[in-house]
Structures are given as structure tokens and as C-alpha cells.
Amino acid sequence: MLCPSRARAFVVAALALLAVAACRAADKGRAPAGADEPPALTLARQLLAQADADGDGRIGPAERAAIAPLWFARLDADGAARVSREEFLLRFDGIIAPRFDSPRRYNRAAAASNALGLFELADRDRDAALDRAELDQALAGWFAAWDADGDGGLTAAELSRGLLAMLPPTNFGTGAVPEKQEPRADLPAPPPAPVLSPAESLATIRVPDGFRVELAASEPMIEEPVALSFDEDGRAYVVEMRAFMRDIAGSRERDPIGRISQLEDTDGDGRFDRATVFLDGLILPRAVAAVAGGILHVSDYQLHYARDTDGDGRADLNEVIDPNYGRGSVEHAPSGLFPAMDNWIYNGASTVRYRVIGRTLVRQETERRGQWGMTQDNFGRLIYNVNNSQLLGDFAPPNQMGRNPHHPTTAGLNLTIATNQRVFPARMNTAINRGYATGVLDAAGRALVFASSCGPVVYRGENFPAEFQGNAFVADPALNLIKRNIVADGHLTLTSRFAYDDREFLTSTDERFRPVSLYNGPDGALWIVDLYRGVAQYGAFMTPYLRRESVARGLDQGISRGRLYRVVATEQKPAAFPRLSHETTAELVERLAHPNGWIRDTAQRLIIERGDRSVAPALATLAAIAPRPETRVQALWTLEGLFAELPAATVGEAGLKLLAVGADFRPTFSPPSNVAGACLGRFADAHPKVQVAALRVAEHLVTELGQLQLEIDYFPQREPVPETLFQAVLTAGNQPKPASLPLLAQLATRGAADFLIREGVLSGLRGAELAFTRRLVAEPEWRERAPGRAALLHALAAAVARANHPTDLPALRDLAAKLGPENDWRRRAIAAGIASVPPPAAVATAAARPLTANERMQVAAGATHYQQVCAGCHGLDGRGVVPLAPPLAGSEWVTGPESRLLRVMLHGLTGPVQVGETQYAPPAVLPEMAGLAALPDEQLAAIASYVRRAWGHGAEPVTPQRVALEREASAGRVSPWLAIELESAR
């Protein structure tokens, strides 16, 4: 976490020089047309425009004093007297809205990072929430420090200089004008990057005292590894993407030369000595998970199940299970296949999860998470990341917050756990996409922030010292390092801080060391997959600068290598790989108490796959009396999986069959009463995490809903911690209506001050919003205004308005009108909620002319390219994917002028972006879309033609010649377009 004293230590000499340039631009008041403005300068200009009441170009003492109350009133719209980090980020644009008095480019990505930086600096007690006193103190302290001449007034130059010195850097650069994609002249020449042998490369790796790194496998045993999965007997299944970027153009990437190798350590020394090609002939394999006696794996964007039935180490069964696993580019398509504690298998960059029940693989929609890799903590909470934000995660459980279409919310999901992106590499990092930009590298040429964070893992082993338990490790292959974060619970959120203030857990001076995935191992060690090569950036998203840099320095040479390492503590020998397949089910139950989370997870999976319900009493006992809360939680989830059933769910002995289900699907459960009773008994567990797990599992195992509701009824009297209260709200929302509304009202009354609890209440009210509003206004306690109550009524009214039911909306208006003067705050909240939802607009569709035969072929080709390049962010249905990109279906950006669409495709776009009546900005979408100029004209034309004809569109297709003309016309463009710059495009 960033503290004020540390913030200034992050500033380097380059930023100081930039501050001077920014101040000069601020004093002139206008940047060159099309200029790229530093976010600190933009924020300074906006703040000056907002607070300079007398128009003298300065913010005087009285004007400064007025800022904090104004900001807090807008941030604390619900009167809760505290603003969570989520609320701050959602509402910051409302208090400092971008102003554009010239066609300068506003770096939205860096601005979103700056908003987060401001919050972290102001949140002095580190509780992930701001109160008025904290904001007052923060702003007063900053303004006083920035008043360089002591005259009490602040100019835009002083504001900009102060903000720039205080805020942490971003990897988007801070240049005041568009910068040419050329090596920075102020940096020394980078050192050579020769191909090193495994032993030579290992010698370049540094870890803290008390640890060592051991080589476990290398080429030719494996080549181009990207992921792995250990099975129950410690065998590693390694995914080898051997067609990835074989040259700088990424040629022949779809050649079927990928494979999955099975590695074994036969002598127990921690080094694999036997390798078998388990599967070959694969197209761009990218994920694997050992389950159900075989592996799930992804090849050619399809999900397969493979199994070795004769024990020779090679798969003799390999069948497609889900042909629609997820399309996209190599960089943005789904990956992961992470089996989580709740018995579902999750995927990065995907809206799909899977579950094995018997010999059936259930497929269900879920929220989109991360980009490459996924992990969980000891209580099953999902943690992941994207390339420029090193640690994201969920506080809310999956598939709960999106239950109500009348109140769409992602609260509690995709939380920024690590708010500081600072890194400390051991070598120069000029070979990264934005290595040319001011503020990305320090004066020595080392990156200031993450460039390509991926492959996170929460350490859950027993080999490291106890203080490492639950720490999150994050890899950055572009920067040759692994960071260690200490993760903790905040108030209804997750937070983290660096384990080391000025260094990393692991660094290497070998530029070709590319740690892409991290794992907990069966031995308790931390495992690293090293995609050992010079070029790790996928070609379609490689900047011209990086392409030239890579070729000039020979980084595109020396492929077909790869290494696996394990990091072990020097004071404790790693455990031997287990042979869990040989253990009885009763012995596996005992394994749930093991200190290594990998052992617990694998034992849970095997118990469920065997289906031996005779161990249920032992599991129930373990859930009640196990000393470790993580064991009690894992025992509850094992019971849930053991009693999950599907009607007619059996298939042949060897394979799996797919069952696609809807959002409301739940397996059937028929546990004996003692199992259900054991689950209910955990509601009173001493540990909140066990209470939360019991609530979630009880929804499945307790067949008597009345009994479940009776138990939850006690929560308002038990003084539950906020986390348990939040889960009780979610569980109550899953119970039948209207019987559960009284309970939900009690819980809402207790937790209305918390944004996340309000959102949880609303998520469970689909179709019952009006009835719930009536109940609240009838409650005597709700005659008094209290924090969060007006916000809840406002949101309820907005949900009724969105539902647009012919009788409910008039009934709500009538209800509000009958509230007397003493209830004026309630009437205003309801009226404002209704008014916040515009009436649905009629959409006119123009008739499309028939396409020629050649145009039909072009559109068909465009559909394929779209799936590979664009669908990962915009969705196969064109409806957009939260939190990545806005919709294309029905968008004027697609069906409008060809030139505007092509400019965006060639050079990218930064927002905010207006689509229809909705404005899209972070955190609902990524801050910036990268350009696709690396693709040839024919492909860009095909994609453009497809999106202009898909989803009911009738716009004219685009020719390659038109793309070539636009490419030539905008050849000088080196940064993404700002939406406002393209408003007049024709």
C-alpha cells in the first residue's frame, strides 16, 4: 500500500523534468492540437476550473477549503458518512469530470490509476474507506505542501507539479506531447541478451536469503511451456505452445505442433527425469487441469478431455467436450482451467465455468475474471490479474451479484487488491511495448511499474516460513521478476501491501527468463513456468517500437526452449511427491487437515470423484472440530460436492459429456439429516470464514428451507461481522419470495450503511423490488434517516423503473406520493431513483442491401478474425464484456462513418466512450483499446465488414483499399485516439 512518505520516494529524475514541462504547458493553458496530456496536468486543470470561483487563475485559501466538503458530498451520495474504495472509483468522474477545450488527448488509463492513487494516499487508516476527516486532512496537507511560494494560492502549474510528485507512476507514460516510438536517447545502451543454458540462466536468478531456486526440467524435455497441472500422484502435465511467435511476424501460429507432456520425478529429488508426450498435434494449447482420471485441456480454442487408459503415459482418448470454450487472440482468449474450492472450474478471460458431476461436465455462465491465470486463497476466494494491474480478486462469491437484471452490479468482484503497481527489476527493460514513453522507465532504463503481470498464485504450501502463508506472488515475464504481496482482509474487501519496499521476491538479469505461470506444488514449494525466449509479446499487440527493438537486439532468435523451476526454503526440505491415488477415501478425508493447500484441494477432488458417501460422517466431524478454519471450510465444500447429483448423468466409462445449463441451475442434493445439521451447526462457528462457507453450502445441503431461514433469522441478533452479514444477505436473497422478505429487510436495516451489502440486497430481489420497498417504508425504524437508507430506496426505485412493469412503476409513484412531510427524504429518494432511469427508446433499423458473393466471403472471413482478435473483449454476441470493453452491437461507432471505425481499429481508442445512452469508462471497461495496425489491410477490412453486418447491422462493408487509404492518412499517429477527437469523423 502506498503511504505519503513513500510516494515521493517513487519519483525519479525523469518525472521531475516532466513536471517542469507540464507546468509550462499549464501556464500557457493550451497544449498542441492532438497532444497527449499528462493526467496530472489534466487533473490540475480540472481542479482549477472547478474551484477557482473568482476566476483569477489560482485556488486561494477559501477556495481550497471549499473543495473537501464539495467532493465528499458528491462521493457520499447516500449519506453513509464513509466512502468505500469501490464507490470512490465509481464516482470520481462525477467530481472531476474531464474538460476538453482543445483536441488534446486525455490518457484515461493513467487517470483511472491516478484516482486510485489519490484514494490510497487519503486513506490513512488503511481500512479501504474514506471518511470526511480523512479527506479534509489529506487535501489540506497536499495543498499546503504544494504551495511552493507560500502565498496561499495554487496555480495550475503548482497543482500539476504537486500531483505529479505525489502520485505513483503508471505504465501508460506521462509525456506532454505524442512521443515517437523510438528508443529514448537519454538511456544507456541495453546489455546483450544471449541465449543462456539452464545452469547459466539459473545463476542469474536472485531470491531472498533463506530460499533457493532449483531447476526441475528444461529443453529438450519441454519447449515453450505456458502452463502446468499436477495430478494426484505428482505427475506434471505441461502445456507447450510451440507455435507461439516463431518469428517476429508470428507466422504459422496455427500449425498443429503444440503438445502436452507428462513429466515424472521417479527418484524423488525434485527434478523430473522422465518425459512422455501425452498429447501432440495440438493447435495453440493454452490450459490444462488434471481431473476425473485424465485432463481437461484447451486446443484450438476448444475444450477437450483426454485420458490414458492403458498406463503407457500417452493419451489414447482425446475428445472435444466443449467446442465453444472461448475464442480470441493468443493474448486475450480464455485460459486457466482452475479447479476452485466451490467445486467449479474457472477460467481467466472467460464468462464460463465448469463442474464435474459424475461423468458429466456442467457448463454455466459466470462473471469474467482476469486475463491469464487464476488462483484462490485458503478460503476459496478467487484472485487473478490483468497485464497492467497485478492483483485483482473477488470478495463476493461467484454468480451472486449478477442475479437481478433490474439492478446490474459487479460490486465485490474484480476488486483492485494491489493498488500499487511499482516494480524493482534487476536489469534494463527497454524491450517492452511502451519502452519509448516518458515515465515508463527510470533513468537507468528499468521499468517503474508492471508491464505484463500474469500467472498469480496465493502461496498455500508448507515449505516456506509461516509468514508466507496466504501471500500472493505475481509474475511479470517482460520484466523478468516475481513480486510478493501480503494480502489481508479489509472492511468487506481485500487489500495488500508489498512484502519488500524496494526489491522483489525474485529477479533475474537474464532478459530471456520469462516467468509466465506460478503454482503451488505437491511438495509445498512454489513452482515457476519459464517460457524461455526473447519475444514474449504476441505479435498482433506489439508496438512498432518493440518490434524494431526485438529484431535489432536479436530477441526474436533462440526459440524452442523452456524451463520449470521450484523455489524452496533452505531451512526445510520439500516434501516428497504424494501418491494420493493409492490412498483410501478415509485417508483422503484426513488429508483435508494437511498444511499444504495443494494436498487439501486434491484430496477434496478425489473424494468427490470417487463418490464414496460413507465418509460423510467423518467429513461432518472434521467440519465441526478441525483446529484449522481452512480445514473446516474445505470439509464443508467436500460435503457439498459429494452429494451433488444430476438426473441421468452417466455416460461411458472413459469420457465426459457436456451439459450446458442456465444461470439459475443448481444440482440436486439429497444429504442425510446429520450432514445438513452439521452444516447448520457451523453458522455458530467461531471463525467468520467458516460461517460464510456454511451459509453458502447450506443453500444446497439443507433441503428444509424453513429450517435454513430459521437459522439465518438469528443473525440480526447475533451481531455478525460484516462479512457474515453480507453472505447472509446473499443467502436470504436466494430463498423464496415473499416469505424471505421480512428476513431480508432485517438484514438490510443492519447493513444499509455498507455499499456492498446494499448491492447484495438488491442482487437477490429480482421481481420483488416493489414489494420490498413497501416493506421498508412500512417499517417504523425506516422513518428515521440513517446512513445508506436513502441510497437503498433510490436503487430500489431505479430497479422498478428498469423493469418497466405496467403496474409496478405507477404503484411505486403512488407509494411515494402518499408519504407524508415527515418522510420527505424517502419520497425524494424514490423519486430520484425513478428519474435516474431514462425511458426505453425505440430503435430504428435501416434495411440492408444484399451483399455480393465476394462481400459475403469477406464477411465470413471477418467472423473468424473477429472471434480470434476481438471477441475476447467485445463478446461473441457483440454485447461487450465487463470489465473489458463496451458493446459493438447497436453501436454508432460500428455502423457510423467508415473512417472513424478504421481509425479506432488502426490506432486504438481511449474513453470515456458514449454508446447509445450509456457512457463507458473504467472500471466498467478497460481504460484503453490497443490498435491493430499490425494486422494486414485485408484482415482489418474483413473484421470491419463483419461487425458492420453482424447483430442486425446493415452498414456498408469495407474494402482493403479503404483501409490502406486510412492507414496512409493517419500514418503519423503514435497513440490511441481520444473519443472526442473522432466525433466529427466522416
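Above this text sits the structure in question.
Residues numbered from 1 in each chain as written. Predicted model: local features only at pLDDT ≥ 70, side-chain atom pairs only at ≥ 80, totals over all residues. Heavy atoms only, no water.

(A) Focus on the sheet that holds strand 7 (residues 225-230). Strands sit in the order 7-8-9-10 across an open sheet of 4 strands; the sheet is antiparallel. A strand with exactly one partner marks an edge of an open sheet, and here the two such strands are strand 7 and strand 10 (274-282). Between one strand axis and the next, the sheet turns by 20 degrees as a mean value, whatever way the strands run. Both strand 9 (residues 258-264) and strand 10 contribute to a ladder of 7 bridges, which runs antiparallel. Within strand 10, the position partnered with Ser261 by the bridge is Val277. (Pairing = 2+ DSSP bridges. Helix = DSSP H or I, 4+ residues; strand = E, 2+ residues; numbered from the N terminus. Axes fitted to C-alpha atoms, helices over the stretch in contact; angles between N-to-C directions.)

(B) The pattern of salt bridges, seen in detail. Applying the stated rule across the entire model yields 57 salt bridges. Its salt-bridge partner being Arg212, residue Glu214 comes within 2.7 Å of it at the nearest N-O pair. A salt bridge links Arg591 to Glu583; the nearest nitrogen and oxygen atoms lie 2.5 Å apart. Judged by relative accessible area, which is 22%, Arg591 ranks as partly exposed. The exposure class assigned to Glu583 is buried, which follows from its relative accessible area of 15%. The network of salt bridges with common partners includes Asp377, Arg381, Asp489, Lys689 and Glu723. (Salt bridge = Lys/Arg side-chain N within 4 Å of Asp/Glu carboxyl O. Buried < 20%, exposed > 50% of the residue type's maximum accessible area, 1.4 Å probe, protein only.)

(C) Spatial organisation of the sheet that holds strand 30 (residues 563-569). Reading across from one edge, 6-30-29-28 is the order of the 4 strands in this open sheet, with antiparallel pairing throughout. Sheet topology places strand 6 (211-218) and strand 28 (515-520) at the edges, where each strand pairs with a single neighbour. Each strand axis lies, on average, 25 degrees off the axis of its neighbour in the sheet, ignoring direction. Here strand 28 runs beside strand 29 (residues 526-530); their pairing, made up of 5 bridges, is antiparallel. Counterpart to Leu518 in the pairing with strand 29 is Ile528.

(D) Structural context of helix 22 (residues 769-778). Considered for burial, the residues of helix 22 that qualify are Glu769, Leu770, Phe772, Thr773, Leu776 and Val777. The buried residues of helix 22 occupy an angular sector of 160 degrees when the element is viewed end-on, so they sit on one face. Looking at the buried positions of helix 22, the neighbouring elements they touch are helix 20 (741-751), helix 21 (755-763), helix 23 (789-803), helix 24 (808-817) and helix 25 (824-835). (Arc of directions from axis to C-beta. Contact = heavy atoms within 4.5 Å.)

(E) Focus on the nonpolar core. Counting residues in hydrophobic clusters, the biggest one holds 199 residues, and the most contacted among them are Phe272, Ile295, Leu564, Phe726, Phe772 and Leu793. Among the elements that make up this core, the one with the highest residue count is helix 23 (9 residues). Counting 33 residues, the second-largest nonpolar core is a separate cluster that includes Leu47, Leu75, Leu159 and Leu163. (Core = buried A, V, L, I, M, F, W, Y, C linked by side-chain atoms within 4.5 Å.)

(F) Local environment of the pairing of strand 9. Burial analysis of strand 9 places 7 of its 7 residues in the buried class, the great majority of the element. Covered by surrounding structure in strand 9 are Gly258, Ile260, Gln262 and Glu264 together with Arg259, Ser261 and Leu263, the residues of both alternating faces.

(G) Fine view of helix 7 (residues 132-146). Counted at 1.5 Å a residue, the expected span for helix 7 with its 15 residues is 21 Å, and the 21 Å between its end C-alpha atoms agrees. Residues of helix 7 that are buried include every one of Glu134, Leu135, Ala138, Leu139, Trp142, Phe143 and Trp146, and no others. In a view along the axis of helix 7, the buried residues occupy a sector of 145 degrees, so they form one face of it. The N-terminus of helix 7 is capped by Asp131, whose side-chain oxygen sits 3.2 Å from the backbone nitrogen of Ala133. (Expected span 1.5 Å × (residues − 1). Polar contact = N/O pair within 3.5 Å; in protein donor to acceptor, adjacent residues only side chain to side chain.)

(H) Here's a closer look at the packing of aromatic side chains. Across all of its chains, the model carries 26 aromatic pairs by this definition. Taking the centre distance of 5.4 Å and the plane angle of 75 degrees together, the rings of Phe211 and Phe505 count as edge-to-face. Of the two residues, Phe211 is situated in strand 6 and Phe505 in the loop between strand 26 (494-498) and strand 27 (506-508); the sequence distance between them amounts to 294 residues. Taking 6.3 Å as the distance between ring centres and 65 degrees as the angle between the ring planes, the aromatic pair formed by Phe468 and Phe505 counts as edge-to-face. A residue pair is termed long-range when its members are at least 10 positions apart, and Phe468 in the loop between strand 23 (454-458) and strand 24 (472-476) and Phe505 in the loop between strand 26 and strand 27 qualify at 37 residues. Using a relative accessible area of 4% as the deciding quantity, one classes Phe468 as buried. Overall, Phe505 belongs to the buried group, its relative accessible area being 1%. Grouping aromatic residues by their ring pairs yields a cluster made of Phe211, Tyr459, Phe464, Phe468, Phe473 and Phe505. (Phe/Tyr/Trp six-rings, centres within 6.5 Å; stacked < 30°, edge-to-face > 60°.)

As far as function goes, none of this settles anything; it's purely spatial.
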